[in-house]
Amino acid sequence: MAWKPEENGLNEVMRVLRDSTSSENPEVQKEMTVRLHQFNEIPEYPCYLVYILNLPEGDERLRAVAGLLLKNNASTFLSTWAAHVLQYVKSSILVAFVDASPMVRNAAGQVVVSMLDALEPANWPEVLSHLLQSLDAPSLDVQLAALSILQKACDDYPRKFDIVLSGNRPLDFMIPKFISLAEHPNSRIRTNALMCVAHFIQVDVEAMRKNMDAFISSLFRRASDENPDVRQQVCQCLVMLLGVKTPQLIPAINDVATFMLYSTQDRDENVALEACEFWLTFAEEEELQEYLRPLLPKLAPVLLQCMVYSEEDLMWLQGDDEDDSNVPDKPSDIKPKFYGGASRALGHQDGDGQSTEDNLDDDDDYDDYDDDDMSTDWNIRKCAAAALDVLAVRFGADLLQVIFPHLKEKLWSEDWLQKESGILALGAMAEGCIDALEEHLPALIPYLCNALNDQRPLVRSIVCWTLGRYASWCATSTVEGNRTTILFRPWKVSLLRMVLDNNKRVQEAGCSAFATFEEDAGPLLEPYLEPILRNLVFAFERYQQKNLLILYDAVGTLADAVGDALSNKEYVDILMPPLITRWQRLNDDDDDLIPLLECLSSVTMACGKGFVGYAPPVFERANRIVHDQLVQYQSWQQERAANPDTDEPDKTFLIVALDLLSGLAQGLGPMVRELIVASNPPLMPLIAASIKHPEASVRQSAYALIGDVAISVPDLLRPSLGDLMPQLLEQISPEPKHEFISACNNAAWSVGEIALNMGQDPEFNQWIPALIDKLIPILLQYPSKSPKSLVENAAVTIGRIALVQPQIVAPHLSLFASQWCQALWEIKDNSEKDTAFRGFCAMIELNPTGIQNHFIYFCNAVSKWTSPSPELEAKFLHIFTGFKQMLGAQWDGTLGSMPPPIPERIRERYQV
C-alpha cells in the first residue's frame, strides 16, 4: 500500500522501543512505559509498528518487540483502528510471517492470531486462505510458520472456525488437511498437525465427527512413531477422545488400552506421563468401569513401578536427603498462598464437621499429588499415584486383591526406592480401599510408624504423608483397643517427632500430616494438649520461613479442633510467648505477618477469655493495619487515575486483619467492648469502609466481623446500622456471581446475627421488609440459580428474623415453607439451626394455614432432628398437637400418607 511513515515519528517510536528494551534504569523503564501507552492514542501507531516489524535491515530483537506491541494493540484497540490502518496492517503482516528471522516470524504469527481472534475468520477470509495454502509451500519454514499460527488459533478459539464462507465450511478442508499432515516427513509438522486436530475433539463440530474414523486411524499409524513428541501427542489425543467418550473409540478400547499400557512404560518420560493420564481419565469414567476391570492385573503393577523415583527426580531432589533444618530458605522455595477471608456457613448431618460452603477452589482434584512433599512438578510418579487413588475409589477391594501381593513385596523390599514407592501407593489407596484394608491396618500402622526411623528423609517424609491419609481412620476407628494401643499414642508421638525432624522436607510433611490428624481427631486430642503444644512451640525455634507457614496452619488447626479446651491458662501461656515474639519482630507490611495473623484468628477464638491478657496490643495492631490498608487503597485509586500501571496494594493484609478482629470478637465476647470503644481510629467507620471495598474477599471478611460484633456487643453496632444495612442488602442476591458467593453468604449470615441480637430495635426493624424481599427469592431459586450454602444461610436468617418479629414474616409463609424446610433438614443440630426453627415455628403459630400445603416438608424436617433444645421440642409438640386437634379424624390419614420413617419418628418422640 501507499502508506509511508513520517520520518520524525518513526525515529521517535524506534528510540522509545530501544530505550524500553535496553535500559536497566527503573526510572527510564517507567518513563518509556508511559510513553508507549501514549503512543496507543496515535491513530497510525499500528502502521508504524508493522512497518518496523518488516524492516529488512533492522535489529531483529527490536522488530520482534514491535510485533509484540502490535499484538497487544490489536487485542485492545483493533475495533477503533481506521480502515486504512487495518488494511495496511492486514497486508503487511503476511510479509513478516515469512521473514527469514524465526524471532520475527514468531512475533508476526502472534499478531495474526490476535487479529484473527478480534476480527474473526469470517471477516478476514484471505488470511485463512493464505495460511492453508502455505501448508503446501515449498519452504519448510513457511509450512511450520503457517501451521504454528493455525495451531495457536485453533487452541484459542476453535469454535470461530465453525462457519460458512462462500458456501463452504473451512473446517471441512482444515481438519482433513491436518490429518494428512500427520504423515508429513517432518516430525514438527506431524506433532503440530495432531495438536490442531486435538483442539476440536472437545468441540462438537460436524467436520470432526465426519473425519473421526480417519483421525483415529491416523493415531494408530503414528502410535509407533520414532519421534517422542509425536508419540506424546498421540497419547494426549487418545486421552481426550476417551474423556469425551468418542463412540468410535469404544470398540477399539482393548487395543487402545494395550497401547497405553505399553506407552506408560515408554523410555521418554513425557510420553509415559501422557499415557499415564489415560488411566486417570479411564478410572474416572464410571460407565467404562467394566472395560477397565479386566485390565487391573496388568495395570496395577505398572502404576506401582511408575511411582518409583526416577533418576531425574532424585537429581532434582538432591540436597533434600540431608539434615538441613539450619539452612535458610530461598525466596523461590516459598509458594504464595491465597487467603480468601472468613466464611460463615453451616454443617451437614453426616457429622464430618465440614462447612457446606460452596467449594470455590476445586479446579484441581489432585492437589495431594502436586505438593513438594512428593517431588517437583507434575510428573509420572504423581500421575500414577493419582490414578491409583481413583482406581481404589472405583474398585476398592477388587483392586486391593490384585495389588496387595505386589504392594507387600515393595513395602518389605531392601531397596529403599521400592519401599518408598510402596508407602506412597499405600497412601494413594487410603480413601478407596480403607474398608478392605482395615484388617491389615493394625499391622501396617506400626510398620509405618517404625519406618519413620528410616535414615533417608525421602522415606520419612512419604511415611508422614501416608499416615496423614489414614488420619481419619485413626481418629474414628472402633476396632477394640486400636485407639489406645496402636493408634492415638504411637501415631501422635511418631508424627510429633517428625515435626521436629532435622530435615526440612520431613518437617513439612510431618507438620502437614499432624494438622490433618488434628482436623480428624478434634476433641479427642484434649488429653494430649500439653505435649502437643510444647512440641509445636519448640518447632518455632527450629523452622525456617517456608515451614513456619505450615506450623502456623497446624497451630490454627489445633485451635479450631479443640476449641475452648485451649482456653486453659496453662495452655495459653505455653502457646502465646513464641507467637508474640514473632509478632513483635515483624513490621506491619511484612509478608510473614500474614500467616501469623491468620493463625492468631483461630487461637483467639479458641482461647476465649484466656486470651484477654494478650488482647489489647493484638487488637490495636489489627485495627491499625485495617486503617492503614484502607488509606493505602484509597491513595492507589487516586494514583491510578494518573498512572494506570501503578501496582494495586495487596488486599491480603486487610483480609487477615479483619479476620483477626473477628476472632477477637468471637473469643472475648462482651469483653471486646472496651477494646472497640477505645479503638483509635474508631473501628466501626473502618468496618463501614471495608464493606464498600470493590474486592469481594474483603467485603466477605468485613461482613463476618459485623456478625461477630452483633453477637458480642450489639449495642455498639446500633449507631452504624444506617451505614451498614444498605450495603448488606445490596450484597444479598439470589444469583450471585461465582466470585461473590462467599461474600453474599456472610452478608446473609450477619443479618441473621443482627436480627437475633437487635430484633426489637426499631433501627433494625425498618429494614425487615426489604430483607425479606431479598431472602425469599434465594430459597425459591434453588437449585437452578441460588447456591446451596447461600440457601442455607438465607433460611437461617429468615427464621431468626421471624423469631424476633414473626408478625412481619408470617404472612409470607406459604410462599417458601417447603423450600425453607428442604434447605435445613440435612443440617446437623446446632444453635443456629435451633434459633431458625424456633422462628419458623413462631410463623406457623401465627399463620397455620401457611404451612398446610407444605406440612409433609415440615414433618420431615422435624423428624431429622436428633437433639432439639427443650424450648424447640416444646414448640414442635405444640404445633403437632394443634394440627392433630384441627384435623381431627384426618390426622392419622395425613401422617399415613407420608413415608413411614417420618410418622414413626414423630409419634415416637411427640406421642401424637
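Everything below is about the structure printed above this text.
About the thresholds
Residues numbered from 1 in each chain as written. Predicted model: local features only at pLDDT ≥ 70, side-chain atom pairs only at ≥ 80, totals over all residues. Heavy atoms only, no water. Helix = DSSP H or I, 4+ residues; strand = E, 2+ residues; numbered from the N terminus. Contact = heavy atoms within 4.5 Å. Buried < 20%, exposed > 50% of the residue type's maximum accessible area, 1.4 Å probe, protein only. Salt bridge = Lys/Arg side-chain N within 4 Å of Asp/Glu carboxyl O. Phe/Tyr/Trp six-rings, centres within 6.5 Å; stacked < 30°, edge-to-face > 60°. Lys NZ or Arg CZ within 6 Å of the ring centre and 35° of its normal. Patch = residues over 30% accessible without salt bridge, like charges linked within 9 Å, V, L, I, M, F, W, Y side chains within 5 Å. Areas by Shrake-Rupley, 256 points an atom, 1.4 Å probe, with all protein chains shown as cover. Lys, Arg positive; Asp, Glu negative; His and termini not counted. Charge placed at Lys NZ, Arg CZ, Asp CG, Glu CD. Axes fitted to C-alpha atoms, helices over the stretch in contact; angles between N-to-C directions. Left-handed = near helix turned anticlockwise from the far one by under 90°. Nonpolar A, V, L, I, M, F, W, Y, C, P; charged D, E, K, R; others polar. Expected span 1.5 Å × (residues − 1). Arc of directions from axis to C-beta. Parallel < 35°, antiparallel > 145°, perpendicular 65-115°, else oblique.

Trainee: Would you mind going over the side chain of Ser863 in detail, with residue names and values included?
Mentor: Mapped onto the fold, Ser863 is located in helix 46 (residues 855–863). Once residues lying within four places of it in the same chain are set aside, the contact partners of Ser863 are Ile902 and Arg905.

Trainee: Explain the side chain of Asn765 residue by residue, including any values.
Mentor: The topology assignment puts Asn765 in helix 40 (residues 762–765). You can call Asn765 buried: its relative accessible area is 18%.

Trainee: With reference to specific residues and values, describe the pattern of salt bridges.
Mentor: Within the structure shown, the criterion is met by 44 salt bridges. Glu508 is the salt-bridge partner of Lys546, the closest N and O atoms lying 3.5 Å from each other. One end of the pair, Lys546, is in helix 29 (residues 545–562); the other, Glu508, is in helix 27 (residues 504–521), and 38 residues separate them in sequence. Side by side, Lys546 and Glu508 carry an identical accessibility label, which is buried. Among the salt bridges present, the one from Arg621 reaches Asp588, with a minimum N-O distance of 2.7 Å. Here Arg621, found in helix 32 (residues 615–642), pairs with Asp588, found in the loop between helix 30 (569–585) and helix 31 (593–607); they are 33 residues apart in sequence, far enough to count as distant. Salt bridges here are not isolated pairs; linked through shared partners, they connect Glu183, Arg190, Arg221, Arg222, Asp225 and Glu226.

Trainee: Just give me the short version of the packing of aromatic side chains, but keep the residues and values in it.
Mentor: In the structure shown here, the tally under the stated rule is 27 aromatic pairs. In this structure, Arg621 packs its charged tip against the face of Trp583, placed 4.8 Å from the ring centre. Above the plane of the ring of Phe740 lies Arg699, whose end atom (NZ or CZ) is 5.3 Å from the centre.

Trainee: Any chance you could break down a negative patch on the surface for me, citing the residues and the numbers?
Mentor: A cluster of acidic side chains, namely Glu519, Asp520, Asp553 and Asp560, defines a negative patch on the protein surface. Among the secondary structure elements, those contributing two or more residues to the negative patch are helix 27 and helix 29. Positionally, Asp520 belongs in helix 27. The exposure class assigned to Asp520 is partly exposed, which follows from its relative accessible area of 33%.

Trainee: So, the packing of helix 42 (residues 788–804) against helix 44 (residues 813–824): which residues are in play, and what are the values?
Mentor: Between helix 42 and helix 44, the shortest axis-to-axis distance is 9 Å and the interhelical angle comes to 115°. Judged by the twist between their axes, the crossing of helix 42 over helix 44 is left-handed. Contacts between helix 42 and helix 44 involve Val791, Glu792, Ala795, Val796, Ile798 and Gly799 from the first element and Phe816, Trp820, Ala823 and Leu824 from the second. Its residues placed into classes, the contact of helix 42 with helix 44 shows eight nonpolar, one polar and one charged.

Trainee: Tell me about helix 41 (residues 768–780), residues and numbers included.
Mentor: Because the α-helix completes a turn every 3.6 residues, residues three or four places apart line up on one side. With 13 residues, helix 41 should cover 18 Å at 1.5 Å per step; its first-to-last C-alpha distance of 18 Å lies within 8% of that length. Residues Ile768, Leu771, Ile772, Leu775, Ile776, Ile778 and Leu779 constitute the buried set of helix 41. Take helix 41 and look down its axis: the buried residues cluster within an arc of 150°, on one side only. On its buried face, helix 41 sits against helix 38 (721–731), helix 39 (741–758), helix 40, helix 42, helix 43 (806–809) and helix 44.

Trainee: I'd love a proper account of the packing of helix 39 against helix 42, names of residues and values included.
Mentor: Contact pair helix 39 / helix 42: the axes reach a minimum separation of 8 Å and the direction vectors enclose 15°. Viewed along their axes, helix 39 and helix 42 adopt a mutual orientation that is roughly parallel. Between helix 39 and helix 42 lies a crossing whose hand is left-handed. Residue-level inspection shows Ile741, Cys744, Asn745, Ala748, Trp749, Val751, Gly752, Glu753, Ala755 and Leu756 of helix 39 in contact with helix 42, the latter providing Ser789, Leu790, Asn793, Thr797, Arg800, Ile801, Leu803 and Val804. Class assignment for the residues of the contact of helix 39 with helix 42 results in 11 nonpolar, five polar and two charged.

Trainee: Describe helix 29, naming the residues involved and giving the relevant values.
Mentor: With 18 residues, helix 29 ought to run about 26 Å at 1.5 Å a step, and its terminal C-alpha atoms sit 26 Å apart, in line with that. The buried count for helix 29 comes to 14 of 18 residues, which makes it a mostly enclosed element. Just past helix 29, the residue Gly563 takes up positive phi, approximately 60°.

Trainee: Can you tell me about unusual backbone geometry, naming the residues and giving the values?
Mentor: The residue after Asn680, namely Pro681, is reached through a cis peptide bond having omega 5°. Relative to the helices and strands, Pro681 is located in the loop between helix 34 (673–677) and helix 35 (683–690). With a phi close to 55°, Ser166 is a non-glycine residue in the positive phi region. You can see Ser166 is positioned in the loop between helix 8 (140–156) and helix 9 (170–181). On the accessibility criterion, Ser166 (77% relative accessible area) is exposed.

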